[in-house]
Amino acid sequence: MNISIPKADSRYSEEIFQNPSTQEAASTENQVFITDSYEETFEFGMILGKTLGKGSVVALKGTLGSGKTCLCAGICRALGVTAPVTSPTYTIVHEYEGVFPVYHIDAYRLSGAEDFENAAGGEILSGDGVCLIEWGERLSECLPDDAVHVEITVLDGGKREIKTAGRIGISGGGRVRLQAEN
Ligand SMILES: Nc1ncnc2c1ncn2[C@@H]1O[C@H](COP(=O)(O)OP(=O)(O)OP(=O)(O)O)[C@@H](O)[C@H]1O
Ligand SMILES: [Mg+2]
């Protein structure tokens, strides 16, 4: 999979999401992608981000330092967020302004669904924003059926295996390779 992405363009996600042919082309099959660097994982996040729309929920699973925040940063960029995306480990939720509001949640320190509710989790999940949840498996009972699931596994030498499950607007799987922008 060769990837060439334009810089953040706030119209991009709206266009893709509103294009029915793109939605029909969305794959629901589980897929596996391999990235070789932080930048490739970020770019993969951008690709995924362009397929998301209002109300999308992405649950990310992966060990400490596997690249969840990196991937979220790529998603945010694709959704028109210009602010730096940092880990919400201590604040639990970061809200960003993009083409939609983007809520970036780190469930690592939450004890479970009730804790999440107390952090306004229910309102966030049922709202119009895009919701990205690191350690999403800790909140599995709260997640909508149509959530996109992303699991990152650390391989040798900086490689990451990224498995996706749920309806996503990209297909093909395989290696993610960066391509120079024109
Ligand atoms: N292929 C890769 N993709 C993403 N990150 C990589 C890759 N190879 C090495 N890295 C490094 O792994 C780290 C990933 O950090 P990141 O904060 O995104 O992980 P995380 O899963 O969010 O961690 P945490 O569980 O603490 O929230 C960074 O230091 C990054 O440079
Ligand atoms: Mg993180």
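Residues numbered from 1 in each chain as written. Chains lettered and ligands numbered in written order. Predicted model: local features only at pLDDT ≥ 70, side-chain atom pairs only at ≥ 80, totals over all residues.

Caption draft 1: Spotlight on the nonpolar core. Core analysis: the largest hydrophobic core is formed by 44 residues, its most contacted members being Val-58, Ile-75, Cys-76, Leu-79, Val-102, Leu-132 and Ile-133. For this core, the secondary structure elements donating two or more residues are α3 (38-50), β3 (57-62), α4 (68-78), β5 (101-106), β6 (130-134) and β7 (148-154). Looking at this core, the element that brings in the most residues is α4, giving seven residues. Here Leu-132 is in contact with Val-58, Leu-60, Cys-72, Ile-75, Val-102, Tyr-103, His-104 and Ile-105, once residues within four sequence places are set aside. (Core = buried A, V, L, I, M, F, W, Y, C linked by C-beta atoms within 7 Å. Buried ≥ 20, exposed ≤ 12 C-beta atoms within 10 Å, placed from the backbone. Helix = DSSP H or I, 4+ residues; strand = E, 2+ residues; numbered from the N terminus. Contact = placed C-beta atoms within 7 Å.)

Caption draft 2: Main features of α3. End to end, α3 covers 19 Å across 13 residues, agreeing with the expected 18 Å (1.5 Å per residue, within 8%). Of all 13 residues making up α3, 10 are buried, and the element is well covered by its neighbours. Listed as buried for α3 are Glu-40, Thr-41, Phe-42, Glu-43, Phe-44, Gly-45, Met-46, Leu-48, Gly-49 and Lys-50. (Expected span 1.5 Å × (residues − 1).)

Caption draft 3: Fine view of the packing of α3 against α4. Between α3 and α4, the shortest axis-to-axis distance is 6 Å and the interhelical angle comes to 45 degrees. The angle between α3 and α4 falls in the class oblique. The crossing of α3 and α4 is right-handed. Contact residues: α3 offers Tyr-38, Thr-41, Phe-42, Glu-43, Phe-44, Gly-45, Met-46, Leu-48, Gly-49 and Lys-50, while α4 offers Cys-70, Leu-71, Cys-72, Ala-73, Gly-74, Ile-75, Cys-76, Arg-77 and Ala-78. In the contact of α3 with α4, the residues fall into 12 nonpolar, four polar and three charged. (Axes fitted to C-alpha atoms, helices over the stretch in contact; angles between N-to-C directions. Parallel < 35°, antiparallel > 145°, perpendicular 65-115°, else oblique. Left-handed = near helix turned anticlockwise from the far one by under 90°. Nonpolar A, V, L, I, M, F, W, Y, C, P; charged D, E, K, R; others polar.)

Caption draft 4: Region of interest: the sheet that holds β5. If you trace the eight strands from one edge of the open sheet to the other, you get β4-β5-β6-β3-β7-β8-β2-β9, paired in mixed fashion. Two strands close off the open sheet at either side, each with one partner strand: β4 (93-97) and β9 (174-175). Two elements, β3 and β6, share four bridges in a ladder whose sense is parallel. Each residue of the ladder has a partner; that of Val-58, found in β6, is Leu-132. On the sheet, α3 packs against β2 (31-35) and β8 (160-165) and is oriented at approximately 145 degrees with respect to β2. (Pairing = 2+ DSSP bridges.)

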